[in-house]
Amino acid sequence: MEYTGLIISILCVLFILAGVVMTIMGLPGNTLILLTGLAYGYYDHFDRMDYAVLVIVFGIFIIGEIIEFISGLIGAKKEKASKRAMFAPFIGTIVGGIGGTAVLPIIGSLLGALLGAFIVTVLAEYSKTKDLAQARKVAKSVVKGQIFGVIIKSAAAVGMAILLIYQLKWQ
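Residues numbered from 1 in each chain as written. Predicted model: local features only at pLDDT ≥ 70, side-chain atom pairs only at ≥ 80, totals over all residues. Heavy atoms only, no water.

## Section: helix α2 (residues 29–43)
Between its terminal C-alpha atoms α2 stretches 21 Å, which fits the 21 Å expected from 15 residues at 1.5 Å a residue. For α2, the complete set of buried residues consists of G29, N30, I33, L34, T36, G37, Y40 and G41. Seen from one end, α2 has its buried residues packed into an arc of 155 degrees, which puts them on one side. Each element contacted by the buried residues of α2 is listed here: α1 (4–24), α3 (51–78) and α6 (132–167). Of the residues flanking the end of α2, it is H45, one or two places downstream, whose phi is positive at about 55 degrees. (Helix = DSSP H or I, 4+ residues; strand = E, 2+ residues; numbered from the N terminus. Expected span 1.5 Å × (residues − 1). Buried < 20%, exposed > 50% of the residue type's maximum accessible area, 1.4 Å probe, protein only. Arc of directions from axis to C-beta. Contact = heavy atoms within 4.5 Å.)

## Thoughts on the pattern of salt bridges
Summed over all chains, the structure comprises three salt bridges. The salt bridge partner of D44 is K169, with a shortest N-O separation of 3.7 Å. Of this pair, D44 sits in the loop between α2 and α3 while K169 sits in the segment after α6, placing them 125 residues apart in sequence. Residue classification places D44 among the buried residues on the basis of a relative accessible area of 8%. In this structure, E65 and K153 form a salt bridge, with 3.0 Å as the shortest nitrogen-oxygen distance. Taken together, the residues E65 in helix α3 and K153 in helix α6 connect sequence positions 88 residues apart. On the accessibility criterion, K153 (9% relative accessible area) is buried. Here the residues in one salt-bridge network are E65, E68 and K153, joined through shared partners. (Salt bridge = Lys/Arg side-chain N within 4 Å of Asp/Glu carboxyl O.)

Here you go:
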């Protein structure tokens, strides 16, 4: 009996589920999910995991990334943030995510990213407006937008996972 296909399918499920967990934690899990689908498609000669499925998964991936990217910007714009405060959270998110991961490995990346975005946004807005209340308001709105982005990106990860796992060969 041929077990190679079954083992590869199980490994793909593990990678896909790891990708979902990574996405929820604020790490690039959707990329892992997409690459796992591509790798399985290559392994399967794009038989079950055909190009149409991979294009749909790629579309979900792109939509999730775009929404995550712009959600913080929309939050900042809603509070009439300065341009400095609209783009500062990207730096804070990266630095905070790395620092949070070092302090608290699993959930620390997401918490660190949100805290980093908040702090850097407050600093950026305050340096421009000298109004601490406005700076906090902008930072809160940015973080709310980022949380919304993480939720949408996590939903995209679950959708990608379901679609890909359904395509795997189990015999």
